[in-house]
Structure formats: C-alpha cells, structure tokens
Amino acid sequence: MPVEGRAGVDRAAMTMTQHAVVIVGGGPTGMMLAAELALAKVDVAIVERRETQDLDGARSRGLHARTIEVLDQRGVVDRFLSQGQVAQVAGFAWIPLSISDFPTRHPYGLGLGQKEFERILAGWVDELGVRIYRGREVTGFAQDDSGVDITLSAGPSLRAGYLVGCDGGRSVIRKAAGIEFAGWDPTVSCLIAEVQMTQEPKWGMRRDAIGVHAFARLADGQVGVMVTERQIGPRGEPTLRELSDALVAVYGTDYGIHSPNWISRFTDLTRQAAAYRDRRVLLAGDSAHVHFPVGGQGLNLGVQDAVNLGWKLAQVVKRTSPDSLLDSYQLERHPVAARVLRNTMASLALLRSDDRVEALRETLAELLRMDEPRKRIAGMMSGLDIRYELGEGHPLLGRRMPDLDLVTANGPRRVFTLLHEARPILLNLGEPGGFEIAPWANRVSIVDARYGGPWELPVLGAVTAPAAVLIRPDGHVAWVGDRTQLGLTDALTRWFGPPAAA
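All values reported here derive from a predicted model rather than from experimental measurement.

**Structural notes on the pairing of strand β24 (residues 425-428)**
Side chains Ile-425 and Leu-427 of β24 all project onto a buried face; the interleaved residues Leu-426 and Asn-428 project onto the opposite face, where all are buried too. Here β24 pairs with strand β28 (residues 468-471) via 4 bridges, running antiparallel. What sits directly across from Asn-428, in β28, is Ala-468.

Here it is as structure tokens:
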C-alpha cells in the first residue's frame, strides 16, 4: 500500500472527489471529529465500511462525566441523557467510586450502549451535513506536500488536505503510514455474547483464579454473557462451542446456551501509537490506543481525542493557524491515553482472584473509601481531572473550564452555552471592556460577565477566582490573567494564529 509520494496514483486516469478532511471510520471518534469540523465550516467526509450505522455486539456501555460535559458544550447532551440511565459508573478494578459530590453539572455517568450512542451521534452529524461514504474501505493512500490521495474499495478515489484514521485497533491507516504501535501483548482473553439459555444462570459478576465472569438479563429474554477463557483464544470469530467450553470450565455447565445474536472476543492487548501524526495523516481513538475495557474509558477517550483535534485541524485547514498547531494534539492527548493504558493494566491485575490479590483489593478498597484517594482516582476515571501542560500559572490553566452560571448584558448564560458553536471565548469577569484583541476579533469572542459563586475544580477543590480566562473550543483554559493582558497576545497567537493584518 503506497504511503509515500504519489506512487501508484494516476490522477489523470481517474475522477477524484475532493474534501478538506477525510475521516476513515464512522464510529464514535470519527463521527465526533466530523461534527467538530462541520461546526467550524470545514468540508469533511467519512469513509465507513459498514453499509448502515447498525452495530453487532454491546461494545461500550456508557459515558463518563467529562464526555457528558463535552456533549453539553456542544448543546446536544439532552439527546443522549434522554435515552440513557444516569448512574454512578466510575470505578477502579470494579471498586465503585462515587462522583456525586464533584463540582460539575454532571456528577454521574450515563448508561447508554454504543449502538444507541452512535445512532444519536449519527443523527447530529447528518444534521450538520457531513457526507458519509458507506460500504467502502480504504485500500491505499499516498500523501504529498499539498494533500492525500485515497483509493477506495468501490467508487472514485478521494483527495483530501488531511486524512484521519479513526478505524479502530487494527487501523489500516496506522499500518499503512508505518506508525509503530508499541506496548504489551495479550495475557488474557474474554468472550462476550448475547444468547438464549434453557437454564437460569447465576446472575451477576463472579471473580476467580481464571478471571472475571458475568451474566446479565437483557431485553426479549436474551442473556448477556462475559466469561474469561482459561487460555488466550485463537484469532478469528469465536464459535458457540468455544463459548460453551469456557462456561463449563468456570461454572461446570453452559446453562444450555443457544441461538446467539453475536459472540465476540477481546483481550488485554495494550498498545499506543508512537506518533499520532505523520505529516498529513493523523490518528484518533482506538487507532491510536487500545487497552482492556475495564473502567469503560475507551469510547470516552476517543471522543475526547476528537474534540481536542477538531478545532486545531479546522484552523490549520483554514490557514488561520500554522501546521505546527497539530503537534499540540499529540503533546496533549498522548499522555492522557498513556495513563489510561496504565490504569487498565493495574485494574486487570486486581480483577484476578487469589488470596494475595484479595488482600490487596481489600486494602485498596479501604483507601478508596477515604475522600482524597477516592476523588483522585475517580477524577482520573471520569476524565474530570485532565490537565494539559500549558505552563505554570493559575490552577485553571490547561484544565476544563467549569460550567458557571454567568450574568451577562444579554441575561444569564452558562459557560458551556457559550461554547455551542465551538468558538474560543475570552471571558472577562471584571469591569466590562478593557481588553483589546482586534487582530483576533473574527476568531475569538469576548464576553463580559459576572460570577459571584465559588470556584471549585474536581480533585483540586477551591481555587482563586480569576479576572479573565481564555477558553479554547474544547473547553480547556488557555490563559488566565487580568486587564494588564500579560501573556494574552502570546496565548492568542499560539492557539488561534498570528494577528490578522490591519
């Protein structure tokens, strides 16, 4: 598969459809990225191998608090909340961690299957006018100094300014770009399925020396099954016989399983892309990182990758910002994923069951009942504690902006409401006026507001009220200061491009 130069591509011999950005993969990460780009008025298209948005299997089962906040920032959160079940979902190695006392408008998670999440997200993406090439796969690409030529399994080839691989752990885009996927080989495999049974199983979760196993009641008489295999299972689609053998090994019976809707296998393969970018090719979501699904962080991690990348890529496409802005995507998101990889490996170790592991779990559970350890780990699992390294300064710098109830000249406004259009905001909380950012006036909105309540951040607690903050489209704070504007010009230039000519 050509990935360098223009090998194998004869543009004169084919008709190419052009887009500013082509995303490969129409799952949660790809669709969220497409929505972010569409909000910025960028011509974006998705290439998706599935003919429809339908999914086989359960995949992810919910959203963590920071992902819920991200959807709130875009004004679509109610679409998801209305279809899911609000619950405390944060946990470490299945030790539950409440975030009900966290300073957020959404101190909870949302039980919502990936199938439903994708369906709702797809509806939003459709409203935004994103084109989706369904039933097609990328068979090759070649990038040059001005773009990427993309060949598909069917239909005409595509030409894009940038290509983003959101095509999962076995990413064709990552492999074709030759990006190293370093990490740890699998040590365990699990089967997960929806089946019917002739006997009633032992409902709920079970842990033993083999691993974790569970049965759950589903709609229409179906049973959700998860069982850890004694040995790592073979590659390829698992069979009903393999599921039966795994259940017998754990429970002594397979409870008469039959008529499976689907059966899937996953492992604790843990890897991360060494680079999230190769010139005009980028990676996001599972294409950039894979891990054991304990803690339910995978989908959330990918959606947040997309929100970090989207506005940056839009500014580069529009030539508002230099190409180097894209380097900040890996600098910020690679450490976040690396931490998820480490905490999932630690969680899996604690899910195994023998006397020594149980002693360790009991000790950890006792610690996590204390406020400070609970808040620290729950902040990590929920994504509410993420801080990008933007330098020294106010504790808000690099962290997500709280969704404050503001008073403005136009009436009450929430901070997240100001972010619905994915535009940066300079929020002035002092006397109205006094900030001069004319060279960025078409890129950054100034909002004069008052806020008299406490300033509190997850994990950190109370912080000093700032006089002014510069909020990026992803909701993270890029600058904290006052009317002296010390450092503001540098922050505006760094994140939103050089000043426009007078």
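Let's pick the thread back up.
**Side note on the layout of surface pockets**
A volume near 350 Å³ is recorded for the second largest pocket. Lining the second largest pocket are 18 residues, with Leu-331, Glu-332, Arg-387, Tyr-388 and Glu-389 positioned closest to its centre. When contributions to the lining of the second largest pocket are tallied by element, the ones reaching two or more residues are α8 (327-351) and α12 (488-496). A total of 7 residues in the lining of the second largest pocket trace back to one element, the largest contributor, which is α8. A class-by-class count of the residues in the lining of the second largest pocket yields 9 nonpolar, 2 polar and 7 charged.

**Observations regarding the sheet that holds strand β25 (residues 445-450)**
Pairing is mixed in the open sheet, where 6 strands are placed in the order β23-β22-β25-β24-β28-β29. Of all strands in the sheet, those bounded by a partner on one side alone are β23 (411-414) and β29 (477-481). Taken over all neighbouring pairs, the strand axes of this sheet differ in orientation by 35° on average, direction set aside.

**Things to note about the environment of Leu-110**
Tracing the backbone through its elements, the reader meets Leu-110 in strand β7 (residues 109-111). Taking the C-alpha atoms as reference, Leu-110 lies 19 Å from Gly-123; in sequence the two are 13 residues apart. Once residues within four sequence positions are removed from consideration, Leu-110 is found in contact with Arg-61, Gly-62, Leu-63, Ile-68, Phe-80, Leu-81, Gly-84, Gln-85, Val-86 and Val-89.

**Digging into the environment of Ile-132**
Structurally, the position occupied by Ile-132 is in strand β8 (residues 131-134). By relative accessible area, Ile-132 is classed as partly exposed at 27%. Here the alpha-carbon distance between Ile-132 and Ile-232, two residues 100 residues apart in the chain, equals 37 Å. Ignoring sequence-local partners within four residues, the contact set of Ile-132 consists of Ile-46 and Glu-48.

**Description of the packing of helix α1 (residues 28-39) against helix α4 (residues 114-127)**
For the pair α1 and α4, interaxial distance at closest approach is 10 Å and the crossing angle is 20°. One finds that α1 runs roughly parallel with respect to α4. Pair α1 / α4 crosses with left-handed handedness. Counting all contacts with α1, which are made through Pro-28, Met-31, Met-32, Ala-35 and Leu-39, the residues of α4 involved are Gln-114, Phe-117, Glu-118, Leu-121, Ala-122, Trp-124 and Val-125. Here the contact of α1 with α4 is built from residues that sort into 10 nonpolar, 1 polar and 1 charged.

**Quick word on the sheet that holds strand β16 (residues 223-228)**
Across the sheet, which stays open at both edges, the 5 strands sit in the order β14-β15-β16-β13-β17 with antiparallel pairing between neighbours. Of all the strands in the sheet, just β14 (204-207) and β17 (257-267) have a single pairing partner and so form its edges. In this sheet, neighbouring strand axes are inclined to one another by 15° on average, regardless of whether the strands run parallel or antiparallel. Relative to β17, helix α6 (residues 240-251) is tilted by about 80°, and along the sheet it contacts β13 (189-197), β14, β15 (212-217), β16 and β17.

**Considering helix α7 (residues 298-317)**
Two residues of an α-helix separated by three or four positions point the same way, owing to the 3.6 residues in each turn. Compared with an ideal rise of 1.5 Å per residue, which puts 20 residues at 28 Å, α7 spans 28 Å between its outermost C-alpha atoms and is within 8% of the ideal. Of all the bends found along α7, the most pronounced is centred on Leu-309 and spans about 30°. With respect to burial, α7 is a largely interior element, 18 of its 20 residues being buried. Looking one or two residues past α7, Arg-319 carries a phi angle of roughly 65°, positive in sign.

**Describing empty space enclosed by the protein**
In total, this model carries 3 cavities of 30 Å³ or more according to the counting rule given. As for the largest cavity, its lining consists of 14 residues, and the residues nearest its centre are Gln-297, Val-340, Met-380, Met-381 and Gly-383. Among the elements of the structure, α7, α8 and α10 (371-382) are those that each provide at least two residues to the lining of the largest cavity. At 4 residues, α8 tops the list of elements feeding residues into the lining of the largest cavity. Each residue belonging to the lining of the largest cavity can be placed in one class, and the counts come to 6 nonpolar, 7 polar and 1 charged. Every residue along the wall of the second largest cavity is listed here: Arg-66, Val-70, Gln-304, Val-307, Asn-308, Arg-333, Gly-383, Ile-386, Tyr-388, Asp-474 and His-476. Counting residues per element, the ones that place at least two in the lining of the second largest cavity are α2 (65-73) and α7. Looking at which element gives the most residues to the lining of the second largest cavity, the answer is α7, with 3 residues. The residue inventory of the lining of the second largest cavity, partitioned by class, reads 4 nonpolar, 4 polar and 3 charged.

**Quick look at the packing of aromatic side chains**
The tally for this structure, following the rule as stated, stands at 10 aromatic pairs. Between Tyr-251 and Tyr-255, the ring centres sit 5.8 Å apart and the planes meet at 65°, which makes this aromatic pair edge-to-face. Each member of the pair Tyr-251 and Tyr-255 is classed as buried. Residues Tyr-451 and Trp-455 carry aromatic rings whose centres are separated by 5.8 Å and whose planes lie at 90° to one another, so their mutual orientation is edge-to-face. Three or more aromatic residues link up through ring pairs in this structure, and these residues are Phe-215, Tyr-251 and Tyr-255. The lysine or arginine in question, Arg-174, covers the ring of Phe-181, its NZ or CZ lying 3.5 Å from the ring centre. Above the face of the Tyr-162 ring, Arg-280 is positioned so that its terminal group lies 4.7 Å from the ring centre.

**A closer look at the nonpolar core**
Of all hydrophobic cores here, the largest spans 96 residues; its most connected members are Val-21, Ile-23, Ile-150 and Leu-470. Per-element accounting of this core gives the leading share, 10 residues, to α7. In this structure, Leu-470 is in contact with Ile-425, Leu-426, Val-444, His-476, Val-477, Ala-478, Trp-479, Leu-488, Ala-491, Leu-492 and Phe-496, ignoring residues within four places of it in sequence. Ranked by size, the runner-up nonpolar core spans 27 residues in total, among them Ala-65, Leu-97, Val-188 and Val-212.

**So, unusual backbone geometry**
Negative phi characterises most residues that are not glycine, and trans characterises most peptide bonds. Here the phi dihedral of Lys-41 falls at roughly 65°; this positive angle occurs in a residue that is not glycine. As for its placement among the helices and strands, Lys-41 is situated in the loop between α1 and β2 (44-48). You can call Lys-41 exposed: its relative accessible area is 72%. Despite not being glycine, Arg-279 shows a phi value in the positive range, around 55°. Its place among the elements puts Arg-279 in the loop between β19 (277-278) and β20 (281-283).

Reading the values: rules and limits
- Residues numbered from 1 in each chain as written.
- Predicted model: local features only at pLDDT ≥ 70, side-chain atom pairs only at ≥ 80, totals over all residues.
- Heavy atoms only, no water.
- Buried < 20%, exposed > 50% of the residue type's maximum accessible area, 1.4 Å probe, protein only.
- Helix = DSSP H or I, 4+ residues; strand = E, 2+ residues; numbered from the N terminus.
- Pairing = 2+ DSSP bridges.
- 1 Å grid on protein atoms, 1.4 Å probe; cavity = no way out; pocket = protein on both sides within 12 Å on 5 of 7 lines; lining within 4 Å.
- Points joined across faces, edges and corners; volume = space filled by probe spheres on them.
- Nonpolar A, V, L, I, M, F, W, Y, C, P; charged D, E, K, R; others polar.
- Axes fitted to C-alpha atoms, helices over the stretch in contact; angles between N-to-C directions.
- Contact = heavy atoms within 4.5 Å.
- Parallel < 35°, antiparallel > 145°, perpendicular 65-115°, else oblique.
- Left-handed = near helix turned anticlockwise from the far one by under 90°.
- Expected span 1.5 Å × (residues − 1).
- Bend = angle between axes of the 7 residues up to and from the residue.
- Phe/Tyr/Trp six-rings, centres within 6.5 Å; stacked < 30°, edge-to-face > 60°.
- Lys NZ or Arg CZ within 6 Å of the ring centre and 35° of its normal.
- Core = buried A, V, L, I, M, F, W, Y, C linked by side-chain atoms within 4.5 Å.

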